[in-house]
Amino acid sequence: MRAAVVLGVLGAVVLALLAPPVPAGSRHHAPPVPGAEAPAFRDARAAWLAGDEEAALPVLAALAQSGNPAAQVLLGLIDKSPELQGPWLTARSRSERIALLRVPGAGMSGTSWMRPAAAAGVALAALWVELWTVEAAPDIPLRFARLGEPRAARAAAIVLAKREWRGFGRLADDPDFPTALRSLAWIEWAETPEGAARAAAEAAALHPGDPQRAQLGLPLAGADLEDWLASRPEAAPLAELCRAECPGSVGACARAGFAALGGLSVLAVLGTPASALVDPDSFAASPAGRAAVMRRMQLNVGPRARANLLARTRETDACLADRLAQEFKRY
């Protein structure tokens, strides 16, 4: 990206007129998923959030097989999200994992429970099934946001980016586009002087610790990053982990964790599997939510590279490094 051009025209733009829109998801409420009110589902969800997979997953599997859409959606998302799979599930055999997480009797690997949920008319399930196909429409991040699922909206935008889809420059004009990923649009805007000016203005108007600013060469001080990580909803899973596990070094823990995760594109997709099933704040504060953040850090590196990850993390925060080392042993 032509950062020099972007920054050179910054002074010609009125920053206040080009501030990012209201954060995606703040204006929409996730509708309930049928079956979420069932006592058995609520109990199993509570056990899963508490980190008791052995108590939760067999019950969720039985509920899914009985036709409970909420259980089907939750299992479908756990199946597709390795960071949501804890040590008990990871230790099961392949056939046992398939029996717990997928539709039984559907080929050697089974079928995602998201498909029958979508067929039953669950809009959230239908969007996930669409995203998992190459035919996903480019407005799918907006549709997730309008369904009250900001994490899924961010995940969908990142999936499109990995598919090298172009069009974020237009998509970002919609107020439901994820604020945390506006830099996807900057890349396209920077192809013209006018667009470069707009990108520079937006970057300069962001919180000084917003990681997106670094893409345009703007300074990103460690203290500012720590403040951003402590205040943004998309960073809540990491912030809650540090508050719970490293209360004496919360800021340094968050900064070290951000690096261990690999940056914004990974952080942005962490959080509740579905806002319609688990409140984002409740998930971030739960044992399952904290474990998911550390599991994602672990999954970022191979077994042989874990020592290096721990060493790099320790340089910034010894507490998080010690906690990660303990977590790695659980797997």
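Being a predicted model, the structure only gives us computed values, none of them experimental.

Asker: Would you explain the environment of alanine 185 in this entry?
Answerer: Positionally, alanine 185 belongs in helix α12 (residues 183-189). Looking at alanine 185, the relative accessible area reads 0%, which means it is buried. In this structure the C-alpha to C-alpha distance between alanine 185 and alanine 199, which are 14 residues apart in sequence, comes to 8.0 Å. Sequence-distant contacts of alanine 185, defined by excluding residues within four places in its chain, comprise Phe168, Gly169 and Ala172.

Asker: Got a minute to help me understand the environment of serine 93 in this structure?
Answerer: Mapped onto the elements, serine 93 comes out in the loop between α5 (87-90) and α6 (94-101). With relative accessibility at 31%, the residue serine 93 sits in the partly exposed group. A distance of 3.2 Å separates polar atoms of two side chains, one belonging to serine 93 and the other to serine 95.

Asker: What exactly am I supposed to notice about helix α8 (residues 123-131) here?
Answerer: Residues lying three or four places apart along an α-helix face the same way, a consequence of the helix completing one turn every 3.6 residues. Looking at α8, one finds that the buried residues are Leu124, Ala125, Leu127, Trp128, Val129 and Leu131. Elements in contact with the buried residues of α8: α4 (69-80), α7 (114-119), α9 (140-146) and α10 (150-162).

Asker: Explanation requested: the state of the cysteines in the structure shown.
Answerer: Summed over the entire model, instances satisfying the criterion amount to two disulfides. Disulfide pairing places cysteine 242 opposite cysteine 253 at an S-S distance of 2.1 Å. Torsion about the S-S bond of the cysteine 242 and cysteine 253 cystine: about -75°, corresponding to left-handed handedness. Taken as a pair, cysteine 242 in helix α15 (residues 236-245) and cysteine 253 in helix α16 (residues 250-261) lie far apart in primary sequence, 11 residues in all. Each member of the pair cysteine 242 and cysteine 253 is classed as buried. The disulfide that involves cysteine 246 links it to cysteine 319, with 2.1 Å between the sulfurs. Disulfide cysteine 246-cysteine 319: the torsion about the S-S bond is -95°, which places it as left-handed.

Asker: Can you walk me through the packing of α16 against helix α20 (residues 306-316) in this structure?
Answerer: Following both chains from N to C, one finds α16 and α20 inclined at 150°, their axes separated by 8 Å at the closest point. Relative to α20, the element α16 is oriented roughly antiparallel. Here α16 runs over α20; the crossing is right-handed. Across the interface between the two elements, Ala252, Arg255, Ala256 and Ala260 from α16 touch Leu309, Thr313 and Thr316 from α20.

Asker: Where do I start with the pattern of salt bridges in this structure?
Answerer: Two side chains carrying opposite charge are able to pair once their charged atoms lie near each other. Under the defined criterion, the tally for this structure stands at 17 salt bridges. Measuring nitrogen to oxygen at the nearest pair gives 3.1 Å for the salt bridge that ties arginine 143 to aspartate 139. Judged by its relative accessible area of 26%, arginine 143 falls in the partly exposed class. Of the charged contacts in the structure, one is a salt bridge between aspartate 176 and arginine 146, with a shortest N-O distance of 3.0 Å. Placement of aspartate 176 in the loop between α11 (168-171) and α12 and of arginine 146 in helix α9 is noted, with a sequence separation of 30 residues between them. One salt-bridge network, in which partners are shared between bridges, spans Glu245, Arg290, Arg323, Glu327 and Arg330.

So, how was this worked out
- Residues numbered from 1 in each chain as written.
- Predicted model: local features only at pLDDT ≥ 70, side-chain atom pairs only at ≥ 80, totals over all residues.
- Heavy atoms only, no water.
- Helix = DSSP H or I, 4+ residues; strand = E, 2+ residues; numbered from the N terminus.
- Buried < 20%, exposed > 50% of the residue type's maximum accessible area, 1.4 Å probe, protein only.
- Contact = heavy atoms within 4.5 Å.
- Polar contact = N/O pair within 3.5 Å; in protein donor to acceptor, adjacent residues only side chain to side chain.
- Disulfide = S-S within 2.5 Å.
- Axes fitted to C-alpha atoms, helices over the stretch in contact; angles between N-to-C directions.
- Parallel < 35°, antiparallel > 145°, perpendicular 65-115°, else oblique.
- Left-handed = near helix turned anticlockwise from the far one by under 90°.
- Salt bridge = Lys/Arg side-chain N within 4 Å of Asp/Glu carboxyl O.

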